[in-house]
Amino acid sequence: MLILPSRQHVRRLITVHGHVFLEPRGIMLKFADLIEEHAEVLAVLEALDAGKLHSWAKMGDIPGAANTLRYYAGAADKIHGEVLKMSRALQGYTLREPIGVVGHIIPWNFPTTMFFMKVSPALAAGCTMIVKPAEQTPLIALYFAHLAKLAGVPDGVLNVVPGFGPTAGAAIASHMDIDKVSFTGSTDVGRQVMQAAATSNLKPVSLELGGKSPLLIFDDVDVNTAADMALLGILFNKGEICVASSRVYVQEGIYDEFEKKLVEKAKAWVVGDPFDPAVRQGPQVDKKQFDRILSYIEHGKREGATLLTGGKPIGKKGYYIEPTIFTNVTEDMLIAKNEIFGPVMALMKFKTVEEAIKSANNTRYGLAAGIMTKDLNVANTVSRSIRAGIIWINCYFAFDSDCPYGGYKMSGFGRDCGLESLHNYLQVKSVVTPIFNSPWL
Ligand SMILES: NC(=O)C1=CN([C@@H]2O[C@H](COP(=O)(O)OP(=O)(O)OC[C@H]3O[C@@H](n4cnc5c(N)ncnc54)[C@H](OP(=O)(O)O)[C@@H]3O)[C@@H](O)[C@H]2O)C=CC1
Ligand SMILES: CCCCCC/C=C/C(=O)O
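All values derive from a computational prediction rather than experimental measurement.

## Regarding the sheet that holds strand E2 (residues 90-98)
With antiparallel pairing, three strands are arranged side by side in an open sheet as E1-E2-E18. Each end of this open sheet is capped by a strand with a single partner; those strands are strand E1 (83-84) and strand E18 (426-434).

## Section: the site of ligand 1
Near ligand 1 there are 31 residues, and of these Trp108, Glu135, Gly165, Ser186 and Glu339 occur at the shortest range. Within the side chain of Gln289, a nitrogen or oxygen atom sits 3.1 Å from an oxygen atom of ligand 1. A distance of 2.7 Å separates an oxygen atom of ligand 1 from a polar atom in the side chain of Glu339. Considered on its own, ligand 1 offers 860 Å² of accessible surface; in the complex 90% of this is hidden by protein. With four residues, helix H7 (residues 165-174) is the largest single contributor of residues to the shell around ligand 1. When its residues are assigned to classes, the shell around ligand 1 shows 15 nonpolar, ten polar and six charged. Both of domain 1 (7-209 + 407-431) and domain 2 (214-393) provide at least three residues apiece to the shell around ligand 1.

## Some details on the site of ligand 2
Around ligand 2, the structure places Asn109, Phe110, Thr113, Met114, Met117, Thr184, Glu208, Phe236, Ile241, Cys242, Phe399 and Tyr405. Separating an oxygen atom of ligand 2 from a side-chain N or O atom of Asn109 is a distance of 2.8 Å. Note that an oxygen atom of ligand 2 is positioned 3.0 Å from one of the side-chain N or O atoms of Glu208. Relative to its free-state accessible area of 360 Å², ligand 2 is covered by the protein chains to the extent of 91%. Looking at the shell around ligand 2 residue by residue, the class counts come to eight nonpolar, three polar and one charged. Split by domain, the residues of the shell around ligand 2 number at least three in each of domain 1 (7-209 + 407-431) and domain 2 (214-393).

## Here's the deal with the pattern of salt bridges
Inspection of every chain in the model, using the stated rule, returns 16 salt bridges. With its nearest N and O atoms 2.9 Å apart, the salt bridge here joins Arg70 to Asp33. Of this pair, Arg70 sits in helix H4 (residues 54-76) while Asp33 sits in helix H2 (residues 24-37), placing them 37 residues apart in sequence. The exposure class assigned to Arg70 is partly exposed, which follows from its relative accessible area of 28%. By relative accessible area, Asp33 is classed as partly exposed at 37%. Ionic pairing is found between Glu36 and Arg70, a salt bridge with its closest N-O pair at 3.0 Å. Separated by 34 residues along the polypeptide, Glu36 in helix H2 and Arg70 in helix H4 bring together distant segments of the chain. One network of salt bridges, in which partners are shared, links Arg25, Asp77 and Lys78.

About the cut-offs
Residues numbered from 1 in each chain as written. Chains lettered and ligands numbered in written order. Predicted model: local features only at pLDDT ≥ 70, side-chain atom pairs only at ≥ 80, totals over all residues. Heavy atoms only, no water. Pairing = 2+ DSSP bridges. Helix = DSSP H or I, 4+ residues; strand = E, 2+ residues; numbered from the N terminus. Near = heavy atom within 4 Å. Polar contact = N/O pair within 3.5 Å; in protein donor to acceptor, adjacent residues only side chain to side chain. Areas by Shrake-Rupley, 256 points an atom, 1.4 Å probe, with all protein chains shown as cover. Nonpolar A, V, L, I, M, F, W, Y, C, P; charged D, E, K, R; others polar. Domains from an automatic or database assignment. Salt bridge = Lys/Arg side-chain N within 4 Å of Asp/Glu carboxyl O. Buried < 20%, exposed > 50% of the residue type's maximum accessible area, 1.4 Å probe, protein only.

Structure, rendered in structure tokens:
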């Protein structure tokens, strides 16, 4: 049985239990400082649990978590409603209240980043919460629970409940006393979470699901830079990232040169021990994911795509896979349609801007897209024509705490990051009173 935290909210808990009088802001800032103090052990846990690069965890994920907490700490004491211009003799205003008890169900690919993308705005909003980490990566979430306690987060406010998806995760989604679920993971499980929410207490859900994001490279760009960007877009975090640029479309004028450079660079990409600073790609998270990626590679070969490089596991121990690039891919092939979540790129060619837009949108997903061009008109037209939650122009993975991201179409709905994400954890109450003899109406 899932034991729920009290329904009281952070601010109230602090007052009720007579803890040191701090608003969430102060606690969150302290939490951020503690994360930085514990950066080394956290980076080690991230690498051990998820196979992520230790260097990147220490440089990216861990300081990023502290930044996210600080960003939302800054918002925590600025949440307010509006005074309404009522049309009759009524005084009206809105309150933005915490939504209540939140269930965060998070995946294994960004155990730290995802934890704080969800927990920070919910804390700022004044919610209590349960976090269910993925079974592959529970360690760091437990360590964060420990740091939360040291930071002064009152007992019952931030609860980490490791467990399997079909039991612990499903219990959160269907629980009658959980007021909201925020989920990141596969589209299939997202659908189950939404169904469970609908058939229990109709709790609102936000879903950040899969992707098959296109990167469109126009022929006015520097080919070397474009090849670097395309490779990073698919190989960062071993391709285990929802916004990976897994479909790369290159304009015909530079296609041949681009392909040559891309393959050279992919062959030089260093795969191996995530604790070795020279390594750029560690092992896939587990055997299930490793097998799944290899089976997509076999599919690609059977479907008739041309394997330019990679395609095999590396070594006999661990779940390492070569950076893999397919060309002569057609849009009906599974490797062009399905999220592989691994270091496997589908490389395709296009002629015109219109064709590029059509191909980019030819997917059931809509999480992210990249555009590389020097032409402002092309950048503007294409960015407005693609149905995706975030568009990166001449950059990729340009995440920021202030920049909302999330899905169109089957990539889900609701936004993580930015002030936008606070709306996931707040609800609006209108308060109306009659007014008499007011000179102002
Ligand atoms: N958008 C993204 O960032 C992610 C996308 N994916 C995609 O999903 C594929 C499969 O990965 P997988 O790990 O199976 O992803 P899942 O969607 O199964 O897992 C994500 C989270 O949901 C939990 N979960 C699983 N089943 C249920 C359920 N019935 N009710 C509630 N929660 C549940 C998981 O718990 P548990 O760990 O116990 O299974 C985990 O915490 C990947 O290859 C990738 O394509 C995966 C992860 C992240
Ligand atoms: C470089 C920052 C990484 C942000 C990770 C966001 C990942 C989302 C996902 O895979 O769901």
